[in-house]
Amino acid sequence: MTAPVIWIGIPLGLAALLFILPRERLIAYIGTLVALALAGIAYWIPPGTAQRIGALSLLIEPSLSVLGRQITLDSGDQTLLILVYGIAAFWFFGTLATGQARQVVSLGLAVIALLVASLAVRPFLYAALLIEMAVLVAVPLLAPPGSRPGRGLLRFLIHQTFAMPFILLAGFLLSGVEAGPADVAQIVQSALLLLMGFAFLLAVFPLNTWIPLLAEESSPYAVGFILTILPTFGLVLALNFIDRFSWLRNSAQLPSILQTVGLTTLVTAGIWAAFQRHLGRIVAYAIIAETGVSLLALSLPDQQIGLQILFYLFIPRALALGVWTISITILQRRAGDLRFSAFQGLAREYPLACAGIVFANLALSGAPLLAAFPIRQALWENLAGQSLWPAFWFGLASLGLWVIALRSLAVFTMFPENTEWTSLETWPQRILIILGLLGLFALGLFPQWARPLLSNLPAMFEYLGK
Amino acid sequence: MASALSWGVVFLLIITSVGLLVSREWRWSMALLAGQYFAAFWLVSLHWPLTMAAAKLITGWMAAAALGMTQINAREYQSGEASWPQGRVFRLFSAGLVLLAVFTTSPSVTDWLPGAGLPDVTGAFTLISLGLLHLGMTASPLRVTLGLLTVLLGFETLYAAVENSILVAGLLSAVTLGLALAGSYLVILTSAEEAP
């Protein structure tokens, strides 16, 4: 069997099968187990590397030819496969608490398979097409039957669709730049197209207005899942471009462009988050801020450190967003709304869900002892080493996210006197939130635990990884 | 002769895309969308083998059919657009301005893309810019889908001149169909919500 069949074909087929299964819990369990199995296979039998198990020798062929082109997943992709399917298993398991397994698991599995295909297609320029297909599959995930599609969803569709033509055309022009003598006009044209394509794809400032709108209209858990997975692959595609084209890799302007765009995105998100009164919108701004942080990491002069920071942020981000959106979904069922006014005093009825929201928010703001702290601290230190201004703005944005976490806490604890403490969360909800919170603290206290998994990730890039 | 025919096709693209912008009746919109794909097929067939170009035409017609069938079954959704101004004269005037910009800029863009002739670039830019104008004037799922399909078709026409991979043709067809299906799904949701 070939690697594309295992990590792309099987999940796609299973996604269709899961969609027609009658029981939501069964879908959640099967989806979680399959995602875990795919992560496990990637761990124990990396594609393209023969493994001996007793008398058996197993080899997963890395390539598959489709319509004259290669779809290849080799040993360099091993870590990303483990990471992506591991994160998927966590989110799919979370549907036991949120109850949206049919959408999140079945369509989510299809989205992930298409995104993995975007990683595997050669030449990598065609990845933009597969990312667009994943976006289209995400539409029913974000607007399940019975809901009304709002402006946020339409803008999501428009913006993400715009990214594809820009990236494909930029790829074509860049190939010309790489092949022939450097033509300044052509370089500028291709760079502008590339910038526009990734600005739409990664939803940087000011092309991210759809994220808060979408978070207001759609299920927080579905939005959290899609906006954890999509930007991750968008960033990997961006890194592929930087890795593949030497003039881009060695460009003196690229770090300053990335820093400016990253800081603008981060600071606007951080400051605007501080003034929100809607839990969905707060998550949205935190997600936007994370994109800014990733771009800032890529802007560091030492590309190796930048890559390490970028990849080390993947797990804390997925964990924090998972805990955050599970907790919000639990409270939403009780309050019926996501505005602050509906959540006053809920800490005594839903202490774990409220703790989940506050701690996940603090984790993404880079609070000490929590998962993202060591990595954000490293990034902050590196930024300060360059200049104090970026470090100042980084601190200000983090402060904005801190402030909104404290405001949320204040709202949750506004209960009348003599209110009894109770815990109305169900057992699966309690277990998931507690596990998530323990994970957030564990990664904050022992960041080295993620090292064996993540340290190999840069190896998927031919030049950047060296 | 071929060049004159190509310019004739560009004229057809202008008619169909302006028609899509102005038309309020979904049946006309579907017919214009189908005509748009036919015109683009001609431009694409100048660069691609006929069978591959025909695949694009058929995909486009399938997309139009999917949207049309959804509209037949859905409750008639006449989007009372909230934004101002809404009149046909305004839309025609905007389209005229956009077309002026297209005809001004197309010759210089032809230099960027070796292999793409002036009719290709003008036709593609007409579709892209009028599709963008369409997207800027609507918040209705059906109209948004039509706008996106128009923009995408413009890009495909341009991209066909520089890339003739079968995989890309297949993936672009899948994206076109996927977009039409996603649009149909959104139309159904909107219609179900509005039903009494």
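Each value, and the rule that gives it
- Residues numbered from 1 in each chain as written.
- Chains lettered and ligands numbered in written order.
- Predicted model: local features only at pLDDT ≥ 70, side-chain atom pairs only at ≥ 80, totals over all residues.
- Helix = DSSP H or I, 4+ residues; strand = E, 2+ residues; numbered from the N terminus.
- Rg over C-alpha atoms; globule rule 2.2 N^0.38 Å.
- Contact = placed C-beta atoms within 7 Å.
- Nonpolar A, V, L, I, M, F, W, Y, C, P; charged D, E, K, R; others polar.
- Axes fitted to C-alpha atoms, helices over the stretch in contact; angles between N-to-C directions.
- Parallel < 35°, antiparallel > 145°, perpendicular 65-115°, else oblique.
- Left-handed = near helix turned anticlockwise from the far one by under 90°.
- Core = buried A, V, L, I, M, F, W, Y, C linked by C-beta atoms within 7 Å.
- Buried ≥ 20, exposed ≤ 12 C-beta atoms within 10 Å, placed from the backbone.
- Domains from an automatic or database assignment.
- Pairing = 2+ DSSP bridges.
- Expected span 1.5 Å × (residues − 1).

1. Examining the overall build of chain A
Alright, step 1. Within chain A one finds 19 helices and four strands.
Alright, step 2. In terms of C-alpha radius of gyration, chain A reaches 22 Å, essentially the compact-globule figure of 23 Å for 466 residues.
Alright, step 3. Referenced to the eigenvectors of the C-alpha coordinate spread, the extents of chain A come out at roughly 75 × 55 × 45 Å.
Alright, step 4. For chain A, contacts bridging at least 24 residues in sequence account for 78% of all contacts bridging at least 6.

2. Regarding the overall build of chain B
Alright, step 1. If you tally the helices and strands in chain B, you get seven helices and zero strands.
Alright, step 2. The order of α-helices and β-strands along chain B, N terminus first, is α-α-α-α-α-α-α.
Alright, step 3. Its C-alpha radius of gyration of 16 Å places chain B within 12% of the 16 Å reference for a compact globule of 196 residues.
Alright, step 4. Principal-axis analysis of the C-alpha atoms places the extent of chain B at approximately 55 × 35 × 25 Å.

3. As for the interface of chain B and chain A
Alright, step 1. Contact with chain B, which involves 27 residues of that partner, is made by 25 residues of chain A.
Alright, step 2. Residue assignment for the side of chain B that touches chain A shows that the elements contributing at least two residues are helix H6 (141-160) and helix H7 (166-194) of chain B.
Alright, step 3. Sort the elements by how many residues they give to the side of chain B that touches chain A and H7(B) lands first, with 16 residues.
Alright, step 4. Residue classes in the side of chain B that touches chain A are distributed as 21 nonpolar, four polar and two charged.

4. Structural notes on the packing of helix H14 (residues 314-335) of chain A against helix H15 (residues 351-364) of chain A
Residues and elements named next belong to chain A.
Alright, step 1. Where H14 contacts H15, the axes come no closer than 8 Å and their chain directions differ by 150 degrees. Our classification of the angle between H14 and H15 gives roughly antiparallel. Classified by chirality, the crossing of H15 by H14 is left-handed. Contact with H14, carried on its side by Pro316, Ala320, Val323, Trp324, Ile326, Ser327, Ile328, Ile330 and Leu331, involves Ala353, Gly356, Ile357, Ala360, Asn361, Ala363 and Leu364 of H15 and no other residues of that element.

5. As for the nonpolar core
Residues and elements named next belong to chain A.
Alright, step 1. With 253 residues, the main nonpolar core has Ala320, Ala363 and Leu440 as its most contacted residues.
Alright, step 2. Residue contributions to this core peak at 16 residues, all from helix H9 (residues 220-244).
Alright, step 3. Here this core gathers at least three residues from each of two domains, domain 1 (1-122) and domain 2 (123-460).
Alright, step 4. Excluding its chain neighbours within four sequence positions, the residues that come into contact with Leu440 are Leu319, Ala320, Val323, Phe359, Ala360, Ala363, Leu370 and Ala371.

6. Some points on the domain arrangement of chain A
The extent of an interface is frequently quoted as the accessible surface area lost upon association of the parts.
Residue and element names in this part refer to chain A.
Alright, step 1. On domain assignment, one finds that chain A holds domain 1 (1-122) and domain 2 (123-460).
Alright, step 2. Centre-to-centre separation of domain 1 and domain 2, based on C-alpha positions: 23 Å.
Alright, step 3. Contact with domain 1, which involves 28 residues of that partner, is made by 36 residues of domain 2.
Alright, step 4. Elements represented by at least two residues in the side of domain 1 that touches domain 2 include exactly helix H3 (78-98) and helix H4 (101-120).

7. Digging into unusual backbone geometry
Residue and element names in this part refer to chain A.
Alright, step 1. The amide bond that connects Arg122 to the next residue, Pro123, takes the cis arrangement and shows omega of -5 degrees.
Alright, step 2. The residue Pro123 is located in the loop between H4 and helix H5 (127-142) in this model.
Alright, step 3. The omega torsion across Phe205 and Pro206 is 5 degrees, close enough to zero to call that bond cis.
Alright, step 4. Relative to the helices and strands, Pro206 is located in the loop between helix H7 (184-202) and helix H8 (210-217).
Alright, step 5. The backbone of Ala203 sits at a positive phi, close to 55 degrees, despite the residue not being glycine.
Alright, step 6. In this structure, Ala203 sits in the loop between H7 and H8.
Alright, step 7. Residue classification places Ala203 among the buried positions, given that 27 C-beta atoms sit within 10 Å.
Alright, step 8. In this model, Leu369 sits at a positive phi of 75 degrees, which is unusual for a non-glycine residue.
Alright, step 9. By the element assignment, Leu369 lies in the loop between H15 and helix H16 (373-386).

8. With respect to the pairing of strand E3 (residues 63-66) of chain A
Residue and element names in this part refer to chain A.
Alright, step 1. Alignment of E3 against strand E4 (residues 69-72), held across four bridges, turns out to be antiparallel. Following the sheet pairing, Ser63 is matched in E4 by Thr72.
Alright, step 2. Connecting the antiparallel pair E3 and E4 is a turn made up of two residues, with Leu67 showing a positive phi of about 50 degrees.

9. Some words on H5(A)
Alright, step 1. With 16 residues, H5(A) ought to run about 22 Å at 1.5 Å a step, and its terminal C-alpha atoms sit 22 Å apart, in line with that.
Alright, step 2. Of all 16 residues making up H5(A), 16 are buried, and the element is well covered by its neighbours.

10. A closer look at the packing of H15(A) against helix H17 (residues 388-412) of chain A
All names here are of chain A.
Alright, step 1. Interaxial distance between H15 and H17 falls to 8 Å at its minimum, and their mutual angle equals 170 degrees. Comparing the axis directions of H15 and H17 gives the class roughly antiparallel. Across from Cys354, Ile357, Val358, Asn361, Leu362 and Leu364 in H15, the residues of H17 making contact are Leu401, Ile404, Ala405, Ser408, Leu409 and Phe412.
Alright, step 2. Residues belonging to the contact of H15 with H17 are distributed by class as follows: 10 nonpolar, two polar and no charged.

11. So, the environment of A:Phe311
Residues and elements named next belong to chain A.
Alright, step 1. Summarising the element assignment, Phe311 is placed in helix H13 (residues 303-312).
Alright, step 2. Through-space distance from the C-alpha of Phe311 to that of Val236 is 9.9 Å; in sequence the pair is 75 residues apart.
Alright, step 3. If we skip the residues at most four places from it in the chain, Phe311 touches Leu454 and Leu457.

12. Considerations on the environment of A:Met414
Residue and element names in this part refer to chain A.
Alright, step 1. Positionally, Met414 belongs in the loop between H17 and helix H18 (427-445).
Alright, step 2. Taking the number of C-beta atoms within 10 Å as the measure of exposure, Met414 has 12 and is therefore exposed.
Alright, step 3. Sequence separation between Met414 and Ala347 is 67 residues; the distance between their C-alpha atoms is 8.3 Å.
Alright, step 4. Excluding its chain neighbours within four sequence positions, the residues that come into contact with Met414 are Gln344 and Gly345.

13. Brief notes about the environment of B:Tyr159
Alright, step 1. Here B:Tyr159 shows up in helix H6.
Alright, step 2. Spatially, the C-alpha atoms of B:Tyr159 and B:His47 are 9.9 Å apart, while their sequence positions differ by 112 residues.

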